[in-house]
Amino acid sequence: MSFITDYILKNPPVLLGLIAMLGLAVQKKPFSEIIKGAMTAAFGMVILNAGVDMLTGTISPINTAVQEELGVEVAEGLSDVTFTADYGGTVGLVMFLGLIIHLLIARFTPVKTIFLTGHMLWWFPFVLVAGGVEAGLTGTLLITVSAILAACYWSFMPWIMRKYVWAATEDDSFLIGHPTGVLSLFSGFIAKRVGNKEKSTEDLKVPESLSFFREISITGGLVIFLMYIVVGIIAPALVPQDENLFMYSVIAGLNFGAGLLIMLYGVRLLINQIIPAFQGIAEKVVPGAKPAFDLPILFNYRPNAVIIGFVVAMITSTILVIFANSFNVFGVTIVPLVITSFFECGGAAIIGEGQGGFRGAIIGTVVASVLMVILVGFSAMLFSSTIQNWLLIFGGNDLSLWAMLGRFISGLFGGL
């Protein structure tokens, strides 16, 4: 079980390579095609992960510098490392049992989701176990409640989002399995009512001399460059000693742009292999099943919306964070959610754009950003003895929502 958990389920390239192999095998493809398809799908996921790591590695220093400037310290016992040291085995059991329940739901109910975002197969059991621990659950009851809730998330959230995703991509062959869910649903709901689909973010007209702004890598790199300059002035801890702020920002922008290019190439490679291979599983093993992929799959469809969403989310959330900290709204010092602003709010902007064009992307992202700050604030309050600081960095999304839901439901069983 540990081998399956550590080396397959938590290893997206291996997981998707095996799924591609299984899908092609049940279609009785030639051996050479099976090997080629499996390896290419795995390569695509490796490349995608490499791009995401570059993006995260560029964004994370901003968060760290702001934390230091605000005096926020990561206390022992409040991070993923320390919590996993105590409850890692429990999280692994929850993931394994939850996956069995998840596959049974796909096989025997109308909800035909197969969740394929490998790292989220770990992080949702992680936050749900933390919720159960906060509520006082232990042993078999903690594992059972957390596994059922994890299976419900993996099955139902991508399925609930499906029409919004299909509207944004004009492709109904896949779903999105990522904690952008609640932010994207609110964004899409609002954008549909206040937006205008006739004016798309992808149709923005710019002068020929500024046509380079149409490239997401260039635009993204310039945004990060400017962000580093501003944050470096406000929080000098961003720049290592003996480094020049301007050149450090230039390198950060270049790394971010290159990370976007690498990530999008991995997305294309993965989609080209895994969708045809998955048809075999959908036909033979779980009829009608749809694969739920990681969020970067969406970025290739409306790249301008991603950058717009990131900028709008950073501005909106930073204003709200300053307000919340100034008036001690949550009783916890929170920091700008740079990672969530790019990934989850970038996804929310794409969904908003699909429902309401340029205006929908902006207004939908503003609404998602407000919800993001509310979620991270309340979840940090409720998880003061387990994973508070982890949520301050990676929360403000479905992870925060499901953690709180898990804590509430676990509390109902706390006296048993």
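Read on for a plain summary of the structure.

What counts and what doesn't
- Residues numbered from 1 in each chain as written.
- Predicted model: local features only at pLDDT ≥ 70, side-chain atom pairs only at ≥ 80, totals over all residues.
- Heavy atoms only, no water.
- Salt bridge = Lys/Arg side-chain N within 4 Å of Asp/Glu carboxyl O.
- Helix = DSSP H or I, 4+ residues; strand = E, 2+ residues; numbered from the N terminus.
- Buried < 20%, exposed > 50% of the residue type's maximum accessible area, 1.4 Å probe, protein only.
- Core = buried A, V, L, I, M, F, W, Y, C linked by side-chain atoms within 4.5 Å.
- Contact = heavy atoms within 4.5 Å.
- Pairing = 2+ DSSP bridges.
- Axes fitted to C-alpha atoms, helices over the stretch in contact; angles between N-to-C directions.
- Patch = residues over 30% accessible without salt bridge, like charges linked within 9 Å, V, L, I, M, F, W, Y side chains within 5 Å.
- Areas by Shrake-Rupley, 256 points an atom, 1.4 Å probe, with all protein chains shown as cover.
- Lys, Arg positive; Asp, Glu negative; His and termini not counted.
- Charge placed at Lys NZ, Arg CZ, Asp CG, Glu CD.

Attention shifts here to the pattern of salt bridges. In this structure the tally under the stated criterion is one salt bridge. Where R302 meets E353, a salt bridge forms, and the shortest distance between an N and an O atom there is 2.2 Å. Taken as a pair, R302 in the loop between α10 (296–299) and α11 (303–326) and E353 in helix α13 (residues 344–382) lie far apart in primary sequence, 51 residues in all. Both residues of the pair, R302 and E353, belong to the buried class.

This part is about the nonpolar core. Membership of the largest hydrophobic core comes to 128 residues, with the highest contact counts inside it found for F126, W154, L183, F299, F342 and I387. Other than its neighbours up to four places away in sequence, W154 contacts M95, G98, L99, H102, T113, F115, M120, L121, F124 and P125.

With respect to topology, three strands assemble into an open sheet ordered β1-β3-β2, the strand pairing being parallel. Strand pairing shows two members of the sheet lacking a second neighbour, β1 (113–115) and β2 (175–176), which therefore form its edges. Packing against the sheet, helix α9 (residues 245–284) makes contact with β1 and β3 (290–293), and its axis sits at approximately 150 degrees to β3.

With that settled, consider the side chain of D294. Checked against the element boundaries, D294 lands in the loop between β3 and α10. The residues contacting D294, other than those within four sequence positions of it, are T117, H119, I176, G177 and H178.

Next up on the list: a positive patch on the surface. Residues K163, K192, R193 and K197 make up a contiguous surface patch of positive charge. Structurally, K197 can be placed in the loop between α7 (181–194) and α8 (216–234). Overall, the relative accessible area of 55% leaves K197 in the exposed class.

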